[in-house]
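Fold and geometry: a report
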Amino acid sequence: MKTVAVIGLGNRGAMYARRINNQGGKVVAVCDVNESVLNHVGNKLDVPENMRFSSTEALFAQGKIADAIVVASQDRDHYGHAKEALKLGYHVLCEKPVSPIKEECVELSELAEKNGLHMVVCHVLRYAGFYDTIKKVIDSGVIGEVTNIQQTENVGYWHFSHSYVRGNWRREDETTPSILAKCCHDLDLLHYYTGKKCKSVSSIGSRRIFLPENAPEGATLRCMDGCPHAKECPYYAPRLYYKFTWRSIPVYLNRWSLITRLGNPTLAQVKEALAKTSPYGRCVYHCDNDVVENQTVLCKFDGDVNATLTMNASSRGCFRRVHITGTKGELFGRDIDGKFRLNVWGKKSKYVKANVGQGHLGGDSGIIHDFLELLETGKANPRVSFMKETLMSHLMAFAAEESRKNDGKTIYIEE
Ligand SMILES: NC(=O)c1ccc[n+]([C@@H]2O[C@H](COP(=O)([O-])OP(=O)(O)OC[C@H]3O[C@@H](n4cnc5c(N)ncnc54)[C@H](O)[C@@H]3O)[C@@H](O)[C@H]2O)c1
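Counting restarts for each chain, with residues numbered from 1 along the sequence as it is written. Where totals are concerned, whole chains, interfaces and linings use all residues; where local detail is concerned, this predicted model gives features only for residues with pLDDT of at least 70, and gives and counts side-chain atom pairs only at 80 or more.

Description of the overall build of the protein chain
A run of H or I in DSSP becomes a helix once it reaches four residues, and a run of E becomes a strand once it reaches two; helices and strands are each numbered from the N terminus. Counting its regular elements, the protein chain contains 15 helices and 15 strands. Values of the radius of gyration come from C-alpha atoms, whereas the globule rule sets the reference at 2.2 Å times the count of residues to the power 0.38. In terms of overall dimensions, the protein chain is globule-like: its C-alpha atoms have a radius of gyration of 22 Å, near the 22 Å expected for 415 residues. Oriented by its inertia axes, the alpha-carbon framework of the protein chain measures out at about 60 × 55 × 40 Å. Within the protein chain, buried positions represent 48% of all 415 residues. In this description, a residue-residue contact is defined by the distance between C-beta atoms placed from the backbone, which must lie within 7 Å. The contacts in the protein chain between residues at least 6 apart in sequence include a share of 70% that link residues at least 24 apart. The exposure label follows from counting other C-beta atoms within 10 Å of a residue's C-beta, where the C-beta atoms are placed from the backbone and the thresholds are 20 or more for buried and 12 or fewer for exposed, leaving partly exposed in between.

Spelled out as structure tokens, the structure:
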């Protein structure tokens, strides 16, 4: 049985740790700077106290104590944590985005290769049934050569407000631009579907909603400071965070711990934090956010393949829509439907079904399955996104951001 250490026990790290234990691996060590979270998750996973570390320095000082490390800390820490792990001889499963700096991505790719180690990046959508089936249909050749792809990522107004206005990914200087943080796996899919290099990118984007000038008259800085718009505001924090409804954030993202910074908070502690201290209790029009809310990226791939990706905060649901055309047919659908329409010219139109699981529609368990299999056998499922291949998605995101900041100028990608 392969052993794993996990760095960062938040939403992603705790989820990966659970899946590793359930899917045939063993989490033997955990690390988080938040001791309350560290001990809560450590207890749940039955990790002995001497294998719980409250800093990566303490974890790495042990040398190599597992076969692999999951890096699920925040965006700007991935590079340092992955680099240290690779230097010590660990295989690495690293959350995306790897880094907003090209040289750091290249360095990690080279280091993994030099040390003969696997560094896999969590482009989890590749492993979800919907996208896995699309890739197989494209590779079967039934729609001919791919000519054009249109993909839309509908983030959901409530999800965007949580992560990109009030939350961790609201500021480019602290994390990364939203096109990298949110969409590097969409850009990866464009590259993955086509199997081709992206040659050039141009992009436009904007912020129109979460701005101080859009605050309704008299809105208070925190929702629970007696805001007169509490009844009708869709972003009123208690409405989004207390109740477990289909659109409530605790259900989707298990975020009570994030709101309070406690391992296992009660509702009373959540209420207290939202009222007084938590960034998630702030008025969405009065935050210090700066990442764009909608962005369109236009890509030119080798082989004269064209693609667009649009990310948009303004949607009710959280889903992606895909339309891929080829020289002999097309396919289109929404990932949450678990099926897509396949039209081959001259043949009867049909639906192709795909499994829809939990956690990125099954992608979260899929990546753990393939990663553990890779550790056990040394053989990689073709869908596994190693660091070297991941470079393309990140270069596309860097180019998109450069273009957006330069009035949509075309940026040519150099590897
Ligand atoms: N692959 C995907 O689809 C996907 C989805 C969401 C988030 N992410 C990425 O996953 C990463 C984690 O996101 P999350 O939602 O779990 O965030 P989170 O805030 O819930 O969890 C991060 C955890 O890391 C801990 N931490 C911070 N600095 C640390 C350090 N120096 N050493 C050890 N622990 C540290 C924090 O205390 C926290 O518990 C982010 O980089 C995010 O961009 C990827």
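Picking up after the structure, the text goes on.
Side note on the domain arrangement of the protein chain
Segmentation into domains, and thus their bounds, comes from an automatic or database assignment. Once the domains are mapped, the protein chain shows domain 1 (3-121), domain 2 (125-210 + 290-412) and domain 3 (212-281). Centre-to-centre separation of domain 1 and domain 3, based on C-alpha positions: 30 Å. Taken residue by residue, the interface counts 8 residues in domain 1 and 9 residues in domain 3. If one sorts the elements of the side of domain 1 that touches domain 3 by residue count, helix H2 (residues 35-45) sits on top with 5 residues.

Structural notes on the nonpolar core
It is characteristic of soluble globular proteins that their nonpolar side chains tend to be buried jointly. Formed by 122 residues in total, the largest nonpolar core has its most connected members in Val6, Ala17, Val30, Ile69, Val92 and Met396. With 8 residues, the top contributor of residues to this core is helix H15 (residues 387-404). Once you skip the residues sitting within four places of it in the chain, Val6 turns out to touch Gly13, Tyr16, Ala17, Val27, Val30, Val70 and Ala72. The nonpolar core is taken to be a set of buried Ala, Val, Leu, Ile, Met, Phe, Trp, Tyr and Cys residues joined by way of C-beta atoms within 7 Å.

Here's the deal with the site of the ligand
To decide nearness, the C-beta atom of each residue is placed from the backbone, and the residue is near a molecule or strand if that atom lies within 6 Å of it. The immediate surroundings of the ligand are formed by 26 residues, with Gly8, Gly10, Asn11, Arg12 and Glu95 found nearest. Residue contributions to the shell around the ligand peak at 3 residues, all from helix H1 (residues 11-22).

Overview of helix H9 (residues 184-194)
It helps to recall that an α-helix has 3.6 residues per turn; residues three or four apart then point in one direction. Most of H9 is tucked away: 11 of the 11 residues are buried. All of the buried residues along H9 are Cys184, His185, Asp186, Leu187, Asp188, Leu189, Leu190, His191, Tyr192, Tyr193 and Thr194. Taken from the residues just after H9, Gly195 is the one with a positive phi, measuring 65 degrees.

Some details on the sheet that holds strand E4 (residues 68-71)
Judged by pairing direction, the sheet is parallel, and its 6 strands sit side by side in the order E3-E2-E1-E4-E5-E6 without closing on themselves. The strands lining the two open edges of the sheet, one partner per strand, are strand E3 (52-53) and strand E6 (119-121). Pairs of strands are assigned from DSSP output, requiring at least two bridges between the strands. With 5 bridges joining them, strand E1 (residues 3-7) and strand E2 (residues 26-31) adopt parallel strand pairing. Paired with Ile7 across the two strands is Cys31, which belongs to E2.

Considerations on the sheet that holds strand E9 (residues 294-301)
Strands sit in the order E14-E13-E12-E11-E7-E10-E9-E8-E15 across an open sheet of 9 strands; the sheet is mixed. Every other strand in the sheet has two partners, leaving strand E14 (350-353) and strand E15 (411-412) as the edge strands with one partner each. As defined by bridge partners, strand E11 (residues 319-326) adjoins strand E12 (residues 329-334) across 5 bridges and the pair is classed as antiparallel. If you follow Val322 over to E12, its bridge partner there is Gly333.

Thoughts on helix H14 (residues 363-377)
Expected helix span is taken as 1.5 Å per residue step, with the number of steps being one fewer than the number of residues. Compared with an ideal rise of 1.5 Å per residue, which puts 15 residues at 21 Å, H14 spans 21 Å between its outermost C-alpha atoms and is within 8% of the ideal. Along H14, 11 of the 15 residues are buried, which leaves the element largely enclosed by surrounding structure. Along H14, the residues that are buried comprise Gly363, Asp364, Ser365, Gly366, Ile367, Ile368, Asp370, Phe371, Leu372, Leu374 and Leu375. Elements in contact with the buried residues of H14: H1, E4, strand E5 (91-94) and E6.

So, the pairing of strand E8 (residues 198-206)
Here E8 runs beside E9; their pairing, made up of 8 bridges, is antiparallel. Its bridge partner being in E9, Gly205 is matched across the sheet by Gln295. Here 2 bridges tie E8 to E15, and the two strands are oriented antiparallel to one another. Note on E15: the bridge partner recorded for Ser200 is Tyr412.

Observations regarding the environment of His159
Locating His159 in the fold gives a position in helix H7 (residues 157-166). Residue classification places His159 among the buried positions, given that 21 C-beta atoms sit within 10 Å. Note: C-alpha distance between His159 and Arg12 (147 residues apart in sequence) is 16 Å.

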